[in-house]
Amino acid sequence: MKAHEGDVLRFTSRAVGSPEHHATVLKVLGQNGEPPYRVRYEDGHETEIFPGPGCVIETRPAHDASFGQLHRDRR
């Protein structure tokens, strides 16, 4: 898994009916885009994580400054 600052991590739930949640990568702490990552969740909580198998990276297109705006607006 490789991410860049500004990418959005989408975590799917293992429990039926539980919503998925999102976190924005603030800083890549590993080498070459690998974990751990410093992230901010929709509620403003920040932490360092090693994403598990239920995580998908939504890579921010270099030309699209509005990517992830939906996630930022939820706060």
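You'll find the structure just up there.
Given the structure is predicted, the values throughout are model-derived calculations rather than measurements.

Definitions and cut-offs
- For every chain, the first residue of its written sequence is number 1, and the numbers climb from 1 along that sequence.
- Predicted model: local features are reported for residues with pLDDT of at least 70 only, side-chain atom pairs are reported and counted for 80 or more only, and whole-chain, interface and lining totals are derived from all residues.
- The side-chain figures draw on all heavy atoms in the structure; neither hydrogens nor water molecules are used.
- Relative accessible area decides the class of each residue, using a 1.4 Å probe on protein chains only: under 20% of the type maximum gives buried, over 50% gives exposed, and in between gives partly exposed.
- Secondary structure elements are taken from DSSP: a helix is a run of H or I of four residues or more, a strand is a run of E of two residues or more, and numbering for both begins at the N terminus.
- We call two strands paired when DSSP finds no fewer than two bridges between them.
- Axis definition: a line fitted to C-alpha atoms, over the contacting stretch in the case of helices. Angles run 0 to 180 degrees between N-to-C directions.
- The term salt bridge refers to a side-chain nitrogen of Lys or Arg lying within 4 Å of a carboxyl oxygen of Asp or Glu.

Right, let's talk about the pairing of strand β3 (residues 37–41) for a bit. Going residue by residue along β3, you find Tyr37, Val39 and Tyr41 tucked away on one face and Arg38 and Arg40 left uncovered on the opposite face. Relative to β3, strand β2 (residues 21–28) runs antiparallel, the two being bridged by five bridges. Paired with Thr24 across the two strands is Arg40, which belongs to β3. Relative to strand β4 (residues 46–49), β3 runs antiparallel, the two being bridged by four bridges. What sits directly across from Val39, in β4, is Thr47. Here β3 folds back onto β4 in antiparallel fashion, the turn holding four residues, of which Gly44 has a positive phi close to 95 degrees.

Read from one edge of the open sheet, five strands run β4-β3-β2-β1-β5, paired in antiparallel fashion. Every other strand in the sheet has two partners, leaving β4 and β5 (55–58) as the edge strands with one partner each. Pairs of neighbouring strands in the sheet enclose a mean axial angle of 35 degrees, with direction left out of account.

Once that is clear, we can look at the pattern of salt bridges. Applying the stated rule across the entire model yields four salt bridges. Of the charged contacts in the structure, one is a salt bridge between Glu20 and Arg10, with a shortest N-O distance of 3.6 Å. With Glu20 in the loop between β1 (8–11) and β2 and Arg10 in strand β1, this residue pair connects regions lying 10 residues apart in the sequence. By relative accessible area, which is 33% here, Glu20 ends up partly exposed.

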